[in-house]
Amino acid sequence: MSLALDLPRLESTLRLPVQDERQQLLQGLLQPTARIDSKYFYDERGCELFTDICRLDEYYPTRTEAQIFSDNREAIAAQLPDAPQWIDLGCGDCHKTQQWLDAVAPARVVGVDIAGEFLQSSIAAVAQQHPQLECVGVVSDFTQHLELHDLLAERPNNPPVFFYPGSSIGNFEPRAAMHFLRRIRAHCAEQGRLLIGADLLKPRAILEAAYDDASGVTAAFNLNILNVVNQELDADFRPELFHHWARFDDEHRRIEMRLVARERHSVRLARHTRRHFEAGEHIVTEYSHKYSADEFRALLAASGLRCSHYWTDAQDWFGVFLAEPA
């Protein structure tokens, strides 16, 4: 049967209407220090550019985590409950989940992502390749709101395993990360688990090169967010009037990505709203917090989770943590 006639179940837990989302975006741009949420990176062009970033020599997180998973997949799977509900947060094309299906043998795969059409096609591809496996898509901005209790309760004998790879937890401020992890903890009951990746502290030069590569792919990725804002707000940003900037902030232990105005100019953000940028004034587009392994264990503990197992690479550049309810 074709995918078009046999699409998996798709649900939505989106709370904010599109207009409210746009208002939040507008308000962020009108703050004294302008801010754009990093979720706006990922239009079609942004996704293509991020795929290119993951192939760069400088961008170590993707390949380092992939190697950790490859080297330890059976050992990790052995620590998970039998026949779990596998919940892939920010599943994208489900490529990473596909690599776990044989080892984990889940009873159900739940892909969670904010992009509905892309999510449906991704989940449909998994279902086509694994016709005996129940696949469900949930359209959600899970960074703001995570509500899967009713869905998980449909299979009370299959504990959830939340899968959050890729070091995306670093995009949260530490307090926000704790609140997000607590929302995951609230879904776990006694047998639930969280398998999560986190980028670890390392020399500044390595960190900064990963977010400001020599070939300029990350710069193009960062500047593309202005094209997305133009679409969302009918704004008139000119990306050529900004340049990409990425540095490691020692005090906050994070990479900060900015777009810095090359010259004084004005941008229309909405029909009757303009924002003036002075030369050198910036827009914050992303934070990426880095942790030591002990710091990340402490963050998990503050969220009601206990790190039961930990895996890393030979250089201790990246950590994979398996956590359970404390």
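The preceding data block contains the structure.
What you see is a predicted model, and the numbers here were worked out from it, not measured in a lab. Counting of residues starts from 1 at the beginning of each chain's written sequence and follows it residue by residue. Side-chain atom pairs in this predicted model are given and counted only at pLDDT of 80 or more, local residue features only at pLDDT of at least 70, and totals for whole chains, interfaces and linings cover all residues. Only hydrogens and water are set aside; all other atoms, that is, all heavy atoms of the structure, feed into the side-chain values.

Examining the sheet that holds strand β2 (residues 34-35)
Each pair of strands is called paired provided DSSP finds at least two bridges between the two strands. Secondary structure follows DSSP: runs of H or I at least 4 residues long count as helices, runs of E at least 2 residues long count as strands, and numbering of each begins at the N terminus. Pairing within the open sheet is mixed, and its four strands lie in the order β2-β12-β9-β8. Edge positions in the sheet fall to β2 and β8 (242-249), since each of these pairs with one other strand and no more. As paired elements, β2 and strand β12 (residues 282-289) share two bridges and run parallel to each other. Within β12, the position partnered with Arg35 by the bridge is Val284. The contact rule is simple, with two residues in contact once any of their heavy atoms fall within 4.5 Å. Lines fitted to C-alpha atoms define the axes, with helix axes restricted to the stretch in contact, and inter-axis angles between N-to-C directions lie between 0 and 180 degrees. Contacts from helix α9 (residues 204-211) reach β8, β9 (254-261) and β12 within the one sheet, and its direction differs from that of β8 by about 155°.

So, the pattern of salt bridges
When a carboxyl oxygen of Asp or Glu is within 4 Å of a side-chain nitrogen of Lys or Arg, the pair counts as a salt bridge. Under the defined criterion, the tally for this structure stands at 27 salt bridges. The partner of Glu324 in a salt bridge is Arg193, with the nearest N and O atoms 3.5 Å apart. With a gap of 131 residues between them, Glu324 in strand β14 (residues 318-325) and Arg193 in strand β7 (residues 193-199) connect regions that are remote in the sequence. Owing to a relative accessible area of 12%, Arg193 belongs among the buried residues under this scheme. Exposure categories follow from relative accessible area, calculated using a 1.4 Å probe and restricted to protein chains: below 20% of the type maximum is buried, above 50% is exposed, and the middle band is partly exposed.

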